[in-house]
Amino acid sequence: MSDTAILDKESPAAPDIPRMLGDADFELVKSRAELSNGPILEIGPWLGAVTFELAQIAPVTVVDNFFWSESEANAYPGISEPNGSFRAAFESHVADTPHPVTTLEIDASDFAWDDSESLSLLFYDGPRDAEALHLILRQISKALSAEGQILIKNVYGTRAPAIGAYVNALLGASICELIHTDQPNWCNMAVLKPSSAWADIDSFETAADAISTTPLPQSFSDPWFGQATSVMRLFWLAQLGNWGASFAQLHMLPVHTESPTLFDEYERFLRLNQTAPEMAAVFSVFRQIHHDTALRIPTTDRIGESVDLRLRRLWDTISPELWESEAIDPRQAFSNRFEVLRAALASGFAVKVAGKSIAILGPLDQALEILCLICGATKVISLMTNDPLSEGDFLQTEQLARQPVEDAKSDNFDLIICIGAQERLAALQSDQETIQVPELSPNIA
Ligand SMILES: C[S@@+](CC[C@H](N)C(=O)[O-])C[C@H]1O[C@@H](n2cnc3c(N)ncnc32)[C@H](O)[C@@H]1O
């Protein structure tokens, strides 16, 4: 143990308690704790090495389930029986500290805190589970002082993407603020303090809510003036299958020179190219376009000829709001249906559609919606003839609406695209120009 582990150089040497934290993390926790002026909460104390130090400074409450796994028993023989409790070992290590240690032997997901018991610091090194962390922050939201500190392990790096994504959401919503420290960049701990909207933490039922709905932070999200947790959050949303939310967030990511490296690092780790190869490829194209404004292309009078060109048009066209609705699947831009439509439409089509509000009459046709949007339609309104419509078929965004044909208002659009011959066309009683496109084949995606 290093000399600096002994806070009071006059007192007996600190016991040699095994710990998982590396020296840099350990020093960081101690130095932040020295700045605090009240009770401390530690989630996941393990054998008590950090607890021992914290209890030199202030009263500490710890939360742990004290479950000693077989792998721990193999790595640290003689401490406890495999699959038994290591509480006794923990208590023996913190038996003689200047300030009391209160032990709560519970699962982190059962944690509750009395608002009247104030706290000055939380150190979280418990389960790598964003929901457990969120519950704890909600529970202590009133007890943590305005100057309080929140130290969370495993925020940076690739070990716990959900924790990184969640902390990013807290920063984006101004619930917390990052405290800059001089920690080295192999230290993966975030040091936070409550920020202007701290009380809002309780408005998020789950961590997942916060991760998918709050904006990205506009300033740095790691202590090295980078975007580590923002990039992690984009990938985390993608891994959950929330590609639309991920694209919407990517749209809002400030462009920084170092982020392509972060993307490469996390992309490799999350292996999206194996679990969802097409979407991962689309994501790569989008992030490249996003980071290279020179790649933006002007509106053309042709329907995107190459997949690459279509994806660029999609990226420049679709608003974050529409991505967020999860109604757009970018793979439709390279589907068979898209090719059928492109072959069938006359060369002047893109010019006709640009700047217009377009009604599409027929069954839901996502490829046609996308085609109209990338040709510059200001709005696409799918007047759907599917019967019955499911709840997910209804949509109202600035760029795209989906509604039953019965609700059509003919003064809403400038041009109608009819999928095959539609009897309903007459009922629309509109005198706008109509273009007919081939029917959707059941065999064509
Ligand atoms: C990574 S260790 C903490 C290491 C410690 N900070 C150190 O440096 O020695 C994680 C701790 O969280 C505890 N833990 C893990 N999952 C838990 C859960 N669901 N509820 C309560 N405690 C849990 C473990 O028992 C362990 O003590």
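All figures in this text were calculated on a predicted structure; none of them were measured in a lab. (Residues numbered from 1 in each chain as written. Predicted model: local features only at pLDDT ≥ 70, side-chain atom pairs only at ≥ 80, totals over all residues.)

**Q** Whenever I open this one, the overall build of the chain confuses me. Can you help?
**A** Scanning the chain for helices and strands turns up 18 helices and 15 strands. Over its C-alpha atoms, taken along the principal directions, the chain stretches across nearly 90 × 40 × 40 Å. Each of the 445 residues in the chain was classed as buried or not, and the buried ones make up 42%. In the chain, the proportion of contacts linking residues at least 24 apart, taken out of those at least 6 apart, comes to 65%. (Helix = DSSP H or I, 4+ residues; strand = E, 2+ residues; numbered from the N terminus. Buried ≥ 20, exposed ≤ 12 C-beta atoms within 10 Å, placed from the backbone. Contact = placed C-beta atoms within 7 Å.)

**Q** Even after reading the chapter, I still don't get the environment of P438, so can you show me in this structure?
**A** Position of P438 relative to the elements: it lies in the segment after β15 (433-437). Judged by C-beta crowding, with 14 C-beta atoms within 10 Å, P438 ranks as partly exposed. Considered as a pair, P438 and C418 are 20 residues apart in the sequence and their alpha carbons are 8.6 Å apart.

**Q** What am I meant to see in the packing of helix α9 (residues 243-252) against helix α12 (residues 277-291) here?
**A** The angle between the axes and the distance between the axes are what describe a pair of packed helices. Between α9 and α12, the least distance of the axes is 11 Å, while the angle of their chain directions is 10 degrees. One way to sum up the angle between α9 and α12 is to call them roughly parallel. For the pair α9 and α12, contact is made by W243, F247 and L250 and by M279, F286, R287 and H290, respectively. For the contact of α9 with α12, the residue count by class is 5 nonpolar, 1 polar and 1 charged. (Axes fitted to C-alpha atoms, helices over the stretch in contact; angles between N-to-C directions. Parallel < 35°, antiparallel > 145°, perpendicular 65-115°, else oblique. Nonpolar A, V, L, I, M, F, W, Y, C, P; charged D, E, K, R; others polar.)

**Q** Could you clarify how one ought to interpret the site of the ligand in this entry?
**A** Surrounding the ligand, one finds 18 residues, the nearest of these being R19, L21, G44, W46 and A108. When residues of the shell around the ligand are traced back to their parent elements, those giving at least two are α2 (49-54) and β2 (60-64). (Near = placed C-beta within 6 Å.)

**Q** Before we go on, may I ask you to explain the nonpolar core in this structure?
**A** One recurring pattern in soluble globular proteins is that nonpolar side chains are buried together. Grouped together as the largest cluster of nonpolar side chains are 130 residues, with contacts concentrated most on L122, L133, I152, Y166 and L371. Each of domain 1 (3-217) and domain 2 (342-437) accounts for three or more of the residues forming this core. (Core = buried A, V, L, I, M, F, W, Y, C linked by C-beta atoms within 7 Å. Domains from an automatic or database assignment.)

**Q** What's the story with the environment of I179 in this structure? I'm lost.
**A** Here I179 lies in the loop between β8 (176-178) and β9 (190-194). Judged by the 15 C-beta atoms lying within 10 Å of it, I179 is partly exposed. Distance in space between the C-alpha atoms of I179 and P223 is 7.6 Å, their sequence separation being 44 residues. With sequence-adjacent residues up to four places away left out, I179 is seen in contact with V191, L192 and K193.

**Q** Hey, could you run me through helix α8 (residues 228-239) in this one?
**A** Quick reminder: α-helices carry 3.6 residues per turn. Residues three or four places apart thus point the same way. Spanning 12 residues, α8 covers 16 Å between terminal C-alpha atoms, matching the ideal 16 Å at 1.5 Å per step. Within α8, 11 of the 12 residues are buried, which leaves it mostly tucked inside the rest of the structure. For α8, the full list of buried residues reads A228, T229, S230, V231, M232, R233, L234, F235, W236, L237 and A238. On the buried face of α8, the contacting elements are α6 (161-172), α7 (207-213), α9, α10 (259-270), α11 (272-275) and α12. Of the residues one or two after α8, G241 is the one with positive phi, at around 90 degrees. (Expected span 1.5 Å × (residues − 1).)

**Q** How should the domain arrangement of the chain be read in this particular structure?
**A** Interface size, as often reported, equals the accessible area lost upon joining of the parts. Under the domain assignment used here, the chain contains domain 1 (3-217) and domain 2 (342-437). Put simply, the middle of domain 1 and the middle of domain 2, counted by C-alpha atoms, are 54 Å apart.

**Q** Help me understand the sheet that holds strand β14 (residues 415-419), please; the structure alone is not making it clear to me.
**A** Adjacent strands of a sheet pair through backbone hydrogen bonds, lying either parallel or antiparallel. Within the open sheet, the 6 strands sit side by side as β12-β13-β11-β10-β14-β15. Their pairing is mixed. Edge positions in the sheet fall to β12 (395-396) and β15, since each of these pairs with one other strand and no more. Sheet topology places β12 next to strand β13 (residues 400-404); 2 bridges connect them, and they run antiparallel. Opposite L395, over in β13, you have R402 as the bridge partner. (Pairing = 2+ DSSP bridges.)

**Q** Please clarify how the pairing of β9 should be interpreted in this entry.
**A** In the case of a regular strand, side chains alternate between the two sheet surfaces. Counting buried residues along β9, 4 of its 5 residues qualify, which places the element largely inside the surrounding structure. Bridge analysis of strand β7 (residues 144-152) against β9 gives 3 bridges, and the strand direction is antiparallel. Across the sheet, L151 pairs through a bridge with V191, a residue of β9. Pairing geometry for β8 and β9, over 3 bridges, is antiparallel. Bridge pairing in β9 places C176 opposite P194.

**Q** For this particular structure, what's the right way to read the sheet that holds strand β1 (residues 40-43)?
**A** The sheet built from 7 strands is open, its strands ordered β5-β2-β1-β6-β7-β9-β8 with mixed pairing. Whereas interior strands pair on both sides, the edge strands pair on one side only; in this sheet they are β5 (101-105) and β8. Shown here is a sheet whose adjacent strand axes are inclined to one another by a mean of 20 degrees, direction ignored. On top of the sheet, α6 reaches β7, β8 and β9; it is set at about 105 degrees to β8, its chief contact.

**Q** I'm lost on the confidence of the model for the chain in this one. Help?
**A** Fine structural detail should not be taken from predicted coordinates in areas where pLDDT scores are low. Mean pLDDT over the chain: 90, with 94% of residues reaching 70 or higher. Note on residues 1-12: pLDDT is under 50 here. Beyond four places in sequence and across chains, it has 11 contacts. (pLDDT = per-residue confidence, 0-100.)

**Q** Help me understand the environment of Y266, please; the structure alone is not making it clear to me.
**A** As for its placement among the helices and strands, Y266 is situated in helix α10. Given 21 C-beta atoms within a 10 Å radius, Y266 is considered buried. Sequence-wise, Y266 and M232 are 34 residues apart; in three dimensions their C-alpha atoms are separated by 6.8 Å. Look past the residues within four positions of Y266 in its chain and what remains in contact with it is T158, V231, M232 and F235.

**Q** Please explain the pairing of β7 as it appears in this structure.
**A** When strand β6 (residues 119-124) meets β7, the two strands line up parallel, connected through 5 bridges. Each residue of the ladder has a partner; that of L122, found in β7, is I150. With helix α5 (residues 130-140) bridging β6 and the parallel β7, this β-α-β connection has right-handed handedness. (Right-handed = clockwise from strand over helix to strand, strands pointing away.)

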